[in-house]
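Working through the structure, step by step
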Amino acid sequence: MRALLVIVQLCLLAGPGSSDPAAAGAAPLLEKGERLFRQGDTAGAIAAFEAAAKVDPKDSRPHYLRGVALEKKGDLAAAAEAYRQAVARKADFPEPHNNLGALLLAKGDTARAAVELEAAVRARPDYAEAQYNLGVARDGLGRKVEAVAAYREAVRLKPADAAYRLNLGAALRRTGDVDGALGALKEATRLAPGDAVAWADLGMILSDKKAYDPAQAALEKATKLKPDFALAWNRLGRVELRRGLVPEAVAAGERARKLEPKNAAFAADLCRALFEKKEPARAVAECRNAVELDPANPLARYELGKALVAQGDCKAARAELQRFKALPGVKPEAAAQADSIAASCSAPVK
């Protein structure tokens, strides 16, 4: 999932009527602030917006605009407070709700972000950026079906935005709608042919569909567009293994590991490829790396047990496969397979 947090740029919005003396007094300061902001004078813009807020304390616009300028300055805490001040004065003001939601998402405060973003789309249902950000928040909360609905609305409002389709595709895959995900990701690559993430996600979906040759082509495209894209190399290794091209799978897995040496999942996948290449010593080493990085990684434990069996180290293999079976979430059929592998070890237990 691409968590693209769209922040609305500074713009002057309609405020109180010109008959309001306070609004009339604040208007030149708002215009001055906007001009200074566009000229790159962020400090001057903030001062102008603060002055406007003092002239017209009831107007929400100076606080919103000050928040945008504070974000530009990098003072995110102050920006968030400015957005709160804006919505306190005008509860149905969608832009500060969206921007505050985006800042909360960036901090990892997903539940509160969702509240702000829901307020933004209630105030303005055709607000594509807020619909998209709401999808990101719902994804983070595990509300898969609702995330899809928000992404669909964002796509409907901005059909040419590849990022919106990219997240829609990922969300559809999480709901089990692989065909819908495939359609969304194909369109994302059409709209943004230079986007490595779109090609990598398309490759993953094609692999889900067991279309391994086109999956390999999509993932190779991703790695060519972005040679340091570790996840694309890892996915390419998985697909090459499914295509029966074991040396190619090992090579891709090694690239992923080199790029992200602390990634336990990548180490476990490389271990599996090395096992298939009949290099049990290297497979054991990689799986031990994976277990050290993440002791709860089931693939690492399982593959380590298999590699130890291949080495004839039955005692260690059986112990490792028992640890695999004890992990939460291991299905009965997987546990039975682990028992079968352990029983297949022919070397005597020491």
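Keep in mind it's a predicted model, so treat the numbers as computed, not measured. Numbers given for residues are sequential positions, taken from 1 along each chain in its written order. Local features in a predicted model are, by the rule used here, given only for residues with pLDDT of at least 70; side-chain atom pairs are given and counted only at 80 or more, and totals for whole chains, interfaces and linings are based on all residues. Computation of side-chain values: all heavy atoms of the structure, hydrogens and water removed.

**Some words on the pattern of salt bridges**
Note on pairing: side chains with opposite charge can pair once their charged atoms come close. What counts here: A carboxyl oxygen of Asp or Glu within 4 Å of a side-chain nitrogen of Lys or Arg is what we treat as a salt bridge. Every helix listed is a DSSP run of H or I at least four residues long, and every strand listed is a run of E at least two residues long, numbered separately from the N terminus. Relative accessibility decides the category of a residue: with a 1.4 Å probe and only protein chains considered, values under 20% of the type maximum give buried, values over 50% give exposed, and everything between is partly exposed.
Following the criterion strictly, the structure yields 29 salt bridges and no others. Residue Asp-269 pairs with Arg-238 through a salt bridge whose shortest N-O separation is 2.8 Å. Here the residue Asp-269 occupies a position in helix α15 (residues 264–276), and Arg-238 occupies one in helix α13 (residues 230–242), the gap between them amounting to 31 residues. Owing to a relative accessible area of 36%, Arg-238 belongs among the partly exposed residues under this scheme. A cluster of three or more residues bridged by salt bridges with shared partners is formed by Glu-118, Arg-138, Arg-143 and Glu-146.

**Brief notes about unusual backbone geometry**
One non-glycine residue with positive phi stands out, namely Lys-210, at about 65°. Secondary-structure assignment places Lys-210 in the loop between α11 (196–208) and α12 (212–225). Not every positive phi belongs to a glycine, and Lys-278 is a case in point at roughly 65°. Secondary-structure assignment places Lys-278 in the loop between α15 and α16 (280–293).

**Some remarks on the packing of helix α6 (residues 110–123) against helix α7 (residues 128–140)**
Filter applied, for reference: The convention used is that axes are lines fitted to C-alpha atoms, helices contributing only their stretch in contact, and that angles between N-to-C directions extend from 0 to 180 degrees. Should an angle fall under 35 degrees it is taken as roughly parallel, and over 145 as roughly antiparallel, whereas 65 to 115 is taken as roughly perpendicular and any remaining angle as oblique. Definitions for this section: a left-handed crossing has its near helix turned counterclockwise from the far helix by less than a right angle. A right-handed crossing has that turn clockwise. The contact rule is simple, with two residues in contact once any of their heavy atoms fall within 4.5 Å. Gly counts as polar in this scheme, as do all residues outside two lists: the nonpolar Ala, Val, Leu, Ile, Met, Phe, Trp, Tyr, Cys and Pro, and the charged Asp, Glu, Lys and Arg.
Relative to each other, α6 and α7 sit at 150°, their axes nearing to 9 Å. Relative to α7, the element α6 is oriented roughly antiparallel. Helix-helix and strand crossings are classified by hand; for α6 and α7 the assignment is left-handed. When α6 is examined against α7, the residues Thr-110, Ala-114, Leu-117, Glu-118, Ala-120 and Val-121 are found in contact with a partner set consisting of Ala-130, Gln-131, Asn-133, Leu-134, Ala-137, Arg-138 and Gly-140. Residues of the contact of α6 with α7, tallied by class, amount to seven nonpolar, four polar and two charged.

**Focus on helix α19 (residues 332–343)**
What counts, and what does not: The span you would expect from a helix comes to 1.5 Å times its residue count less one. Within this analysis, the arc is defined by the directions that extend from the helix axis to the C-beta atoms.
Under the 1.5 Å per step criterion, the end-to-end length of α19 is 17 Å for 12 residues, consistent within 8% with the ideal 16 Å. Three or more residues of α19 are buried, namely Ala-335, Ala-338, Ile-341 and Ala-342. Buried residues of α19 fall within an arc of 115° about the axis and therefore sit on the same side. Exposed and facing more than 90 degrees away from the buried side of α19 are Pro-332, Glu-333 and Ala-343. Elements in contact with the buried residues of α19: α17 (298–311) and α18 (314–326).

**A look at the side chain of Arg-165**
Going by this rule: In this tally, Lys and Arg are treated as positive and Asp and Glu as negative; His is ignored, and so are the chain termini.
By the element assignment, Arg-165 lies in helix α9 (residues 162–174). Lacking a salt bridge, the buried Arg-165 has Glu-187 as its closest oppositely charged neighbour, with an N-O distance of 4.5 Å. Once residues within four sequence positions are removed from consideration, Arg-165 is found in contact with Val-155, Pro-159, Ala-184, Glu-187, Ala-188 and Leu-191.

**Notes on α13**
When the terminal C-alpha atoms of α13 are compared, their 19 Å separation across 13 residues agrees well with the 18 Å that a helix rising 1.5 Å per residue should span. Three or more residues of α13 are buried, namely Ala-230, Ala-232, Trp-233, Asn-234, Arg-235, Leu-236, Gly-237, Val-239 and Glu-240. Those residues of α13 that are buried are in contact with α11, α12, α14 (246–259) and α15. At the C-terminal side of α13, Gly-244 shows a positive phi close to 80°.

Keep in mind these numbers describe shape, not what the thing actually does.
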